[in-house]
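Residue-level structure breakdown
The chain contents come next:
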Amino acid sequence: MKAIIFTKYGLPEVLQLKEVGNPVPKDNEALVEVYASSLNAADLETLKGAFVNRITAPFKPKHKIPGTDLAGQIKAVGNNVKQFKPYDEIWGDLSFPLASGAFAEYVCVPEDALRLKPASMTYEEAAAIPTAGVVALQNLLSNRPIQPGQKVLINGSGGSVGTFAVQIAKHFGAEVTAVDSKEKLEMLSLIGADHVIDYNQEDFTKNGQHYDLILDVVVQRWIFDYKRVLALDGIADMVGGSLPRVGLNILLGKMMTGKQKIGLTAWKPNKKEDLNYLKELFEAGKVKPVIDRAYSLEEVPEAFRYLSEGRAKGKLVITVKHKS
Ligand SMILES: NC(=O)c1ccc[n+]([C@@H]2O[C@H](COP(=O)([O-])OP(=O)(O)OC[C@H]3O[C@@H](n4cnc5c(N)ncnc54)[C@H](OP(=O)(O)O)[C@@H]3O)[C@@H](O)[C@H]2O)c1
């Protein structure tokens with residue numbers, strides 16, 4: 001089969017399309033023909049060998065085939081697989097338990113990591129949702145339920161996680177402020193943001209507003225900046241960004257008095273209930289993945305380049321064609 005392979009950390013140039021052996025399912029696994037996958041910021045961090053990746057694999061990548069989000073069709077099942085049969089259409093997130101492997105024509109996946117794809121979703125839509133949708137949902141809802149009318153600000157809202165977060169927060173009735181670069185603001189208004197801020201023109205921590213919840217996808221600020229714009233019992237949830245800053249903010253947050261909270265939500269990838277909930281929101285027309293572009297398997301390095309330039313509006317999808 002064809003697969004995207006990387007054997008050393010680096011820029012998108014280290015990614016190669018190669019012919020590798022077809023995977024064979026173990027007893028508890030299904031062989032999936034991959035039809036679509038998508039890119040996440042975490043894939044880029046893994047490619048470059050970010051600090052978290054180097055903890056377990058300091059010199060070269062542990063898993064050679066990248067790609068976590070998956071939508072496709074089951075081709076064969078191992079002896080002990082009970083929930084699926086050939087031709088079932090599935091979706092899921094390989095972050096758990098496999099780590100990656102979706103940028104390929106086929107992948108073997110433990111059956112517990114898969115679920116049936118709703119017929120209402122295209123493969124591309126199904127591949128765009130699992131990682132980013134679940135991260136957005138868990139970070140928005142893990143602290144306390146959002147009440148209608150509450151002010152929610154999403155910093156770094158124009159990418160993978162943020163475009164889901166804006167729509168989910170709107171679904172709960174929040175007044176949403178979306179912060180990102182100028183090019184993404186029109187799209188953010190179209191998906192429901194009540195207010196948009198170009199971060200190159202305005203510092204949301206100095207505009208005199210107060211927010212009940214701040215979701216920061218690109219943490220570049222200190223705890224004191226958040227405190228200034230949080231409501232008296234407001235919460236700032238740090239989704240991603242500068243690791244030392246996130247760590248120090250958490251440490252300082254523990255010393256904080258008052259009702260304001262600053263923290264991080266531990267991500268539980270591929271959680272069944274969360275994907276089911278996102279499916280319900282999708283079917284009700286409340287949440288739709290924003291898909292900027294689709295690339296073929298051959299074009300994966302190009303997709304990584306586009307993502308690393310910060311140009312993607314929402315999600316970049318990879319579609320995998322098979323000879324019929
Ligand atoms: N907490 C967890 O458990 C967990 C789990 C999975 C992933 N993550 C992390 O979550 C993050 C997810 O990001 P993503 O996939 O949504 O990234 P993304 O698609 O790259 O989106 C990030 C957005 O932030 C914008 N941005 C950049 N600098 C900004 C600034 N200073 N102010 C405001 N916006 C800015 C970018 O736009 P421009 O480039 O145009 O500026 C882009 O639209 C990653 O860091 C990932 O590692 C966390």
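Each remark here, short or long, concerns the structure printed above.
The sections below set out a description of the structure shown in this document. Keep in mind that this is a model prediction, so the values were computed, not measured.

1. Side note on the pattern of salt bridges
This structure, assessed with the given rule, holds 15 salt bridges. Among the salt bridges present, the one from Glu 125 reaches Lys 288, with a minimum N-O distance of 3.4 Å. Of this pair, Glu 125 sits in helix 3 (residues 123-128) while Lys 288 sits in the loop between helix 9 (272-283) and strand 14 (291-296), and the two are 163 residues apart along the sequence. For Glu 273, the salt bridge goes to Lys 271, with nearest N and O atoms at 3.7 Å. Residues joined in a network through salt bridges with shared partners are Glu 13, Glu 302 and Arg 305.

2. Considering the site of the ligand
Surrounding the ligand, one finds 22 residues, the nearest of these being Val 161, Asp 180, Ser 181, Tyr 199 and Trp 267. At 2.8 Å from an oxygen atom of the ligand is found a main-chain nitrogen or oxygen belonging to Val 161. One of the side-chain N or O atoms of Ser 181 is found 2.7 Å from an oxygen atom in the ligand. Notes on the ligand: free accessible area 940 Å², of which the protein chains cover 82%. Mapped by element, the contributors of at least two residues to the shell around the ligand are helix 1 (41-48) and helix 5 (160-171). When its residues are assigned to classes, the shell around the ligand shows 8 nonpolar, 11 polar and 3 charged. Each of two domains, domain 1 (2-129 + 290-319) and domain 2 (132-264), supplies a minimum of three residues to the shell around the ligand.

3. Looking at empty space enclosed by the protein
According to the stated counting rule, one finds 1 cavity of 30 Å³ or more in the structure shown. Lining the largest cavity, in full, are Leu 140, Asn 143, Arg 144, Pro 145, Ile 146, Gln 150, Asp 212, Leu 213 and Ile 235.

4. Focus: the packing of helix 4 (residues 130-141) against helix 5
At their nearest, the axes of helix 4 and helix 5 sit 8 Å apart, and the two run at 50° to each other. The pairing of helix 4 with helix 5 is recorded here as oblique in orientation. You can see that helix 4 and helix 5 cross each other, and the crossing is right-handed. Here helix 4 contributes Ala 132, Gly 133, Val 135, Ala 136, Leu 137 and Leu 140 to the contact with helix 5, which in turn contributes Ser 160, Val 161, Phe 164, Ala 165, Ile 168 and Ala 169.

5. Section: the layout of surface pockets
Size it by volume and the second largest pocket reaches roughly 220 Å³. Residue lining of the second largest pocket: Met 1, Pro 23, Lys 26, Glu 29, His 63, Ile 65, Leu 98, Ser 100, Gly 101, Tyr 106, Val 107 and Cys 108, and that is the complete set. The dominant element in the lining of the second largest pocket, judged by the number of residues it contributes, is strand 6 (residues 106-110), at 3 residues. Of the residues that constitute the lining of the second largest pocket, the class distribution is 7 nonpolar, 3 polar and 2 charged.

6. Digging into the pairing of strand 12 (residues 230-238)
Remark: a regular strand shows side chains that alternate across the two faces of the sheet. Among the 9 residues that make up strand 12, 7 are buried, leaving the element largely enclosed by the rest of the structure. Where strand 11 (residues 211-216) lies against strand 12, 5 bridges are found, and the strand directions are parallel. What sits directly across from Ile 214, in strand 12, is Ala 236. Bridge count between strand 12 and strand 13 (residues 261-263): 3 bridges; the pairing is parallel. Paired with Asp 237 across the two strands is Gly 263, which belongs to strand 13. Note on the crossover from strand 12 through helix 8 (residues 243-254) to strand 13: the handedness is right-handed.

7. A few points about the packing of aromatic side chains
Under the counting rule described, the total for this entry stands at 3 aromatic pairs. Relative to Tyr 123, the ring of Tyr 35 has its centre 4.8 Å away and its plane inclined at 85°; by these criteria the two rings are edge-to-face. Pair noted here: Tyr 35 is in strand 3 (residues 29-38) and Tyr 123 is in helix 3, with a separation of 88 residues, a long-range link. With relative accessibility at 17%, the residue Tyr 123 sits in the buried group. Ring geometry for Tyr 295 versus Tyr 306: centroids 6.5 Å apart, planes at 55°, classification tilted.

8. Thoughts on the sheet that holds strand 12
Spatial strand order, 10-9-8-11-12-13: 6 strands in an open sheet with parallel pairing. With one partner strand each, in any of the chains shown, strand 10 (195-198) and strand 13 form the two edges of the open sheet. The mean inter-strand angle of the sheet, taken between neighbouring strand axes irrespective of direction, is 15°. Two elements, strand 9 (residues 175-180) and strand 10, share 4 bridges in a ladder whose sense is parallel. Bridge pairing in strand 10 places Thr 177 opposite His 195.

9. A short note on the nonpolar core
Membership of the largest hydrophobic core comes to 42 residues, with the highest contact counts inside it found for Leu 140, Val 152, Val 166, Ile 168 and Leu 188. Setting aside residues no more than four positions away along its own chain, Val 152 makes contact with Leu 140, Ile 146, Ala 169, Ala 174, Glu 175, Val 176, Thr 177, Tyr 211 and Leu 213.

Rules used throughout
Residues numbered from 1 in each chain as written. Predicted model: local features only at pLDDT ≥ 70, side-chain atom pairs only at ≥ 80, totals over all residues. Heavy atoms only, no water. Salt bridge = Lys/Arg side-chain N within 4 Å of Asp/Glu carboxyl O. Helix = DSSP H or I, 4+ residues; strand = E, 2+ residues; numbered from the N terminus. Near = heavy atom within 4 Å. Polar contact = N/O pair within 3.5 Å; in protein donor to acceptor, adjacent residues only side chain to side chain. Areas by Shrake-Rupley, 256 points an atom, 1.4 Å probe, with all protein chains shown as cover. Nonpolar A, V, L, I, M, F, W, Y, C, P; charged D, E, K, R; others polar. Domains from an automatic or database assignment. 1 Å grid on protein atoms, 1.4 Å probe; cavity = no way out; pocket = protein on both sides within 12 Å on 5 of 7 lines; lining within 4 Å. Points joined across faces, edges and corners; volume = space filled by probe spheres on them. Axes fitted to C-alpha atoms, helices over the stretch in contact; angles between N-to-C directions. Parallel < 35°, antiparallel > 145°, perpendicular 65-115°, else oblique. Left-handed = near helix turned anticlockwise from the far one by under 90°. Contact = heavy atoms within 4.5 Å. Buried < 20%, exposed > 50% of the residue type's maximum accessible area, 1.4 Å probe, protein only. Pairing = 2+ DSSP bridges. Right-handed = clockwise from strand over helix to strand, strands pointing away. Phe/Tyr/Trp six-rings, centres within 6.5 Å; stacked < 30°, edge-to-face > 60°. Core = buried A, V, L, I, M, F, W, Y, C linked by side-chain atoms within 4.5 Å.

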